[in-house]
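# Structural characterization, general
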Amino acid sequence: MDNRVVITGLGVCAPNGTTLAEFSEAIKNGISGIRHQPDLEALNFSCQIAGKPELSEERVSQYFTPLELRNLNSSGIVYGVIAGLDAWKDAGLTIENNDEPDWNSGTIFGAGTSGIDKFRWAINKIDDLEIRKLGSSVVIQTMASGVSAFISGKLGLGNQVSTNSSACATGAESILLAYERIKTGQATKMLAGSTSDSGPYIWGGFDAMKVCTFKHNHEPEKGSRPMSETASGFVPGSGAGALVLESLESALAREAKIYGEVLGGNINSGGQRGLGTMTAPNPVAVQRCIKAALQNAGIKASEIDVINGHLTATTKDALEIANWKEALQLPAERFPYINSLKGMIGHCIAASGSIECVASILELSEGFIFPNINCEDLSVEIKTLIPEKSIPQTLIQQPINILAKASFGFGDINACVIFKKYTS
Amino acid sequence: MNKEQIIDALKTIVQPYSEETSALAHIDENTDFINDLKINSANLVDIILDIEEKFNIEIDNDSMAKMLNVKATTDIIAAKLEARAGQ
């Protein structure tokens, strides 16, 4: 028989909060983590604002040994390890020097790329004919799976240890992969999550594609505007989110705090056919993904209380809403609440899905719906699709039972997860 | 620089790579980096880089392969320092 899978720990390293308490407070109050970035301005970026977790050296040194810190130049690994270890501790699990690996615990911790600053440093050394000066720290920080390898070593994980990569769907996908592993009885606990580096070398490609906004360099906190009539491109972000998934049986046996349940979900691709391309979603696939997720979770569209959208603040936001509407087939006035965290933290690329899932689980477990910010001038097209009351702009305190979270990524790929409040 | 001084300098260099406090405290010619100090073999290349920087010498691949304990390492450093002084 399949295991039920619950969430027993959360960790986050976001532009507007690097502890769970700070992050929870920030999302309830619509606090933006978007700042002007002097390095982007100096490098002539069109978009000179971004979201970056603020961490003191002292905080970072609590998670890494002095030796690890010596040549550490991978912001994604720093964010991932902080979020991952915090989630593990939040689940009431210990981080001790266990001699024996924990054979029943593993991690799927996703990333788009790893240690891009470290990579740049190594490439410059090689080109300067100084290859022998690279030392031993380049591979472990630039291999895509660097983040899961670091986490696993610190926790002594003995089950599957892997990094998934599916562009902006990475975070949501990591949760579904971890969920499957526990559901099918191959693991008892899995740390799911994803991370994304900060800085010009990760964000530069997006800037060059002109998908980031260049209109708000003077007002960073107003720059990320999902669902707004004046949305003009996304604001790049970075950070990490982590969730401890566990079999219900294991969570109950150790009397763990249960934040919520993963009911199911779906992952698919539009195959870059029809309207789908490398960078644009095939609407047929998006709708199928949402419908299949509901079916997999065994719920009806009318049971969804809140949707946590992908909604990046590009002109595609209205298309996403149209896809949800088409997939759910609900009368307009019964459309669920929908919100986007990207207004506060920007688009954290590979980390977006996991950070947004941490926000979603907080909403479910505490009973609130965080406000959408920067859409006081709601998109005219979106207003023709769903009622304004579905897009809350102030905090709503109310119990919610079911939340749907979707993330979509380059390569025409989609992931949708269904979470439910846990009641014993 | 005599052997004792080289061993002293080596002690400072290897210290961050080892958690074996007692072995570190009693470091001498017979100390083995991997067996006694339990240094991760991947870190040996980092130790060589630190040595090159500290003594301002360059260590070739053949010498590097021999530098697994304090005695061999000290001999190689001493030889390189001598060669440099004789130039």
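Source: prediction; values computed, not measured.

A few words on the overall build of chain B. Helix and strand counts for chain B come out as five helices and zero strands. Put simply, chain B runs from its N terminus to its C terminus through helices and strands in the order α-α-α-α-α. Scaling as 2.2 N^0.38, a compact globule of 87 residues should have a C-alpha radius of gyration of about 12 Å, and chain B matches this with 12 Å. Considered along the principal axes of its C-alpha atoms, chain B spans approximately 40 × 25 × 20 Å. Put simply, chain B has 87 residues, and 20% of those count as buried. For chain B, long-range pairs separated by at least 24 residues make up 51% of all intrachain contacts whose partners lie at least 6 apart in sequence.

Within chain A, the regular secondary structure consists of 16 helices and 14 strands. Here chain A has a C-alpha radius of gyration of 20 Å; the compact-globule value for 424 residues is 22 Å, and the two agree. Seen along its three principal axes, the alpha-carbon backbone of chain A occupies a region of about 65 × 55 × 40 Å. When each of the 424 residues of chain A is scored for burial, the buried share is 54%.

Residue and element names in this part refer to chain A. The biggest cluster of nonpolar side chains holds 108 residues, and the ones touching the most others in it are Ile175, Leu243, Leu245, Ile361 and Val417. The element contributing the most residues to this core is helix H5 (residues 75-90), with nine residues. Split by domain, the residues of this core number at least three in each of domain 1 (5-260) and domain 2 (263-420). The residues contacting Leu245, other than those within four sequence positions of it, are Val5, Ile7, Ala178, Tyr179, Ile182, Lys189, Met190, Ala192 and Val262. Membership of the second largest hydrophobic core comes to 14 residues, among which are Leu40, Ile49, Ile116 and Trp203.

This part covers the pairing of strand E1 (residues 5-13) of chain A. All names here are of chain A. Within E1, nine of the nine residues are buried, leaving the element largely enclosed by the surrounding structure. Inspection of the sheet shows E1 paired to strand E8 (residues 260-269) by three bridges, in the antiparallel sense. Looking at the pairing, Val6 lines up with Glu261 of E8. Both E1 and strand E7 (residues 239-247) contribute to a ladder of eight bridges, which runs antiparallel. Note on E7: the bridge partner recorded for Cys13 is Ala240.

The next thing to look at is the domain arrangement of chain A. All names here are of chain A. On domain assignment, one finds that chain A holds domain 1 (5-260) and domain 2 (263-420). If you average the C-alpha positions of domain 1 and of domain 2, the two centres end up 21 Å apart. On the side of domain 2, 57 residues touch domain 1, which itself brings 58 residues to the contact. For the side of domain 1 that touches domain 2, the elements supplying multiple residues, two or more each, are E1, helix H1 (20-28), strand E3 (49-51), strand E4 (105-111), helix H9 (170-183), strand E6 (189-196) and E7.

The UniProt record marks residues 4-81 of chain B with the feature "domain: Carrier" (unreviewed entry), using the residue numbering of this structure. Measuring from the first to the last C-alpha atom of residues 4-81 of chain B gives 14 Å, for a span that is 59% helix and 0% strand.

Our next topic: helix H3 (residues 44-55) of chain B. Residue and element names in this part refer to chain B. Compared with an ideal rise of 1.5 Å per residue, which puts twelve residues at 16 Å, H3 spans 16 Å between its outermost C-alpha atoms and is within 8% of the ideal. What H3 keeps buried is the set Leu44, Asp46, Ile47, Asp50 and Ile51. On an axial view of H3, the arc spanned by its buried residues comes to 155 degrees, and they lie on one face. Tucked into the core, H3 has its buried residues touching helix H1 (3-14) and helix H5 (70-86).

So, about the packing of H5 of chain A against helix H8 (residues 146-155) of chain A. Residue and element names in this part refer to chain A. Between H5 and H8, the shortest axis-to-axis distance is 9 Å and the interhelical angle comes to 40 degrees. Between H5 and H8, the angle falls in the class oblique. Relative to H8, the crossing made by H5 is right-handed. Only Gly146, Val147, Phe150, Ile151, Lys154 and Leu155 of H8 make contact with H5, whose side of the interface consists of Gly76, Ile77, Gly80, Val81, Gly84, Leu85 and Trp88. Here the residues of the contact of H5 with H8 are counted per class, giving eight nonpolar, four polar and one charged.

Let us look at the packing of H1 of chain B against H5 of chain B. Residue and element names in this part refer to chain B. Their axes nearest at 10 Å, the elements H1 and H5 cross at an angle of 115 degrees. The interaxial crossing formed by H1 with H5 has right-handed handedness. Where H1 abuts H5, its residues Lys3, Ile6, Ile7 and Leu10 lie against Val70, Thr73, Thr74, Ile77 and Ala78. When the residues that make up the contact of H1 with H5 are grouped by side-chain class, the tally is six nonpolar, two polar and one charged.

Cut-offs used in this document
- Every chain is numbered on its own, with residues counted from 1 as its sequence reads.
- Naming scheme: in the order in which they are written, chains are lettered from A and ligands are numbered from 1.
- Side-chain atom pairs in this predicted model are given and counted only at pLDDT of 80 or more, local residue features only at pLDDT of at least 70, and totals for whole chains, interfaces and linings cover all residues.
- Helical segments are the DSSP runs of H or I of at least four residues, strand segments are the runs of E of at least two, and each set is numbered from the N terminus.
- Radius of gyration here is computed from C-alpha atoms only, and the compact-globule reference equals 2.2 Å multiplied by the residue count raised to the power 0.38.
- Three exposure classes are used, all based on how many other C-beta atoms lie within 10 Å of a residue's own C-beta (placed from the backbone): buried at 20 or more, exposed at 12 or fewer, and partly exposed between those limits.
- Contact between two residues is assigned whenever their backbone-derived C-beta positions fall within 7 Å.
- Nonpolar cores are identified as sets of buried Ala, Val, Leu, Ile, Met, Phe, Trp, Tyr and Cys residues joined via C-beta atoms within 7 Å.
- Segment limits for the domains were obtained from an automatic or database-derived domain assignment.
- Here, strands pair whenever DSSP counts at least two bridges between them.
- UniProt positions are given in the numbering used here, feature names are shortened, and annotations may be inferred rather than shown by experiment.
- Take the number of residues in a helix, subtract one, and multiply by 1.5 Å to get its expected span.
- This arc is built from the directions going out from the helix axis to the C-beta atoms.
- Here, axes are lines fitted to C-alpha atoms. For helices the fit covers the stretch in contact, and angles between N-to-C directions go from 0 to 180 degrees.
- When describing relative orientation, an angle under 35 degrees is termed roughly parallel and one over 145 degrees roughly antiparallel, while 65 to 115 degrees is termed roughly perpendicular and anything else oblique.
- The hand of a helix crossing depends on one turn: near helix anticlockwise from the far one by less than a right angle means left-handed, and clockwise means right-handed.
- Amino acids are sorted into nonpolar (Ala, Val, Leu, Ile, Met, Phe, Trp, Tyr, Cys and Pro), charged (Asp, Glu, Lys and Arg) and polar (every other residue, Gly among them).

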